[in-house]
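Chains, contacts and geometry: an overview
The chain contents come next:
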Amino acid sequence: MANILIVDDSRTSRKMLRDILERRGHVIIGEAVDGQEAFDQYVKLKPDLVTMDITMPVMDGIEALKLIRKNDPNAKVIMITAAGQKEKMLEAIKTGALEFITKPFNDDVVLEIVDNITK
């Protein structure tokens, strides 16, 4: 199973993702509430996978993705997005995001995407 860093400014979203992923046997090795903290945690923890919200204070998910990919070109990052953020999703794909999960979370979709990336 994968060691995962969850990045989201919403405590509720982090908890929901944690619950979904831990039930599958993944290990949540850290959480971050903004993009800067995400980058710092990524460097420190070296997770197998990051789930990254796009819209956050301090530094958004796109900027954090750029920093993480610059630091580790092989980083595996799944972006978390609300409906209606198509432009941001396209920018994240160009920046190196592997996949997208939309809110509200569907347990089966989350697990299918994470399982496909962490195989």
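Details of the structure are given in the entry above.
Everything in this summary refers to the structure shown in the same document.

Describing the sheet that holds strand S3 (residues 49-53)
The strand order across the open sheet built from 5 strands is S2-S1-S3-S4-S5, with neighbouring strands paired in parallel fashion. Across the chains shown, the open sheet's two edge strands, defined by having one partner strand only, are strand S2 (27-32) and strand S5 (99-102). Taken over all neighbouring pairs, the strand axes of this sheet differ in orientation by 20 degrees on average, direction set aside. Looking at chain direction, strand S1 (residues 3-7) and S2 are connected through 5 bridges and run parallel. Note on S2: the bridge partner recorded for leucine 5 is glycine 30. Sheet contacts for helix H5 (residues 107-118): S1, S3, strand S4 (77-81) and S5; angle to S5, the most-contacted strand, approximately 165 degrees.

Topic: H5
Given a rise of 1.5 Å per residue, 12 residues ought to cover 16 Å, and the 16 Å separating the end C-alpha atoms of H5 matches this to within 8%. Those residues of H5 that fall on the buried side of the exposure criterion are Val110, Leu111, Ile113, Val114, Asp115 and Ile117. Put simply, asparagine 106 is the residue that caps the front of H5, since its side-chain oxygen is 2.9 Å from the backbone nitrogen of aspartate 108.

Rules behind the numbers
- Residues numbered from 1 in each chain as written.
- Predicted model: local features only at pLDDT ≥ 70, side-chain atom pairs only at ≥ 80, totals over all residues.
- Heavy atoms only, no water.
- Pairing = 2+ DSSP bridges.
- Helix = DSSP H or I, 4+ residues; strand = E, 2+ residues; numbered from the N terminus.
- Axes fitted to C-alpha atoms, helices over the stretch in contact; angles between N-to-C directions.
- Contact = heavy atoms within 4.5 Å.
- Expected span 1.5 Å × (residues − 1).
- Buried < 20%, exposed > 50% of the residue type's maximum accessible area, 1.4 Å probe, protein only.
- Polar contact = N/O pair within 3.5 Å; in protein donor to acceptor, adjacent residues only side chain to side chain.

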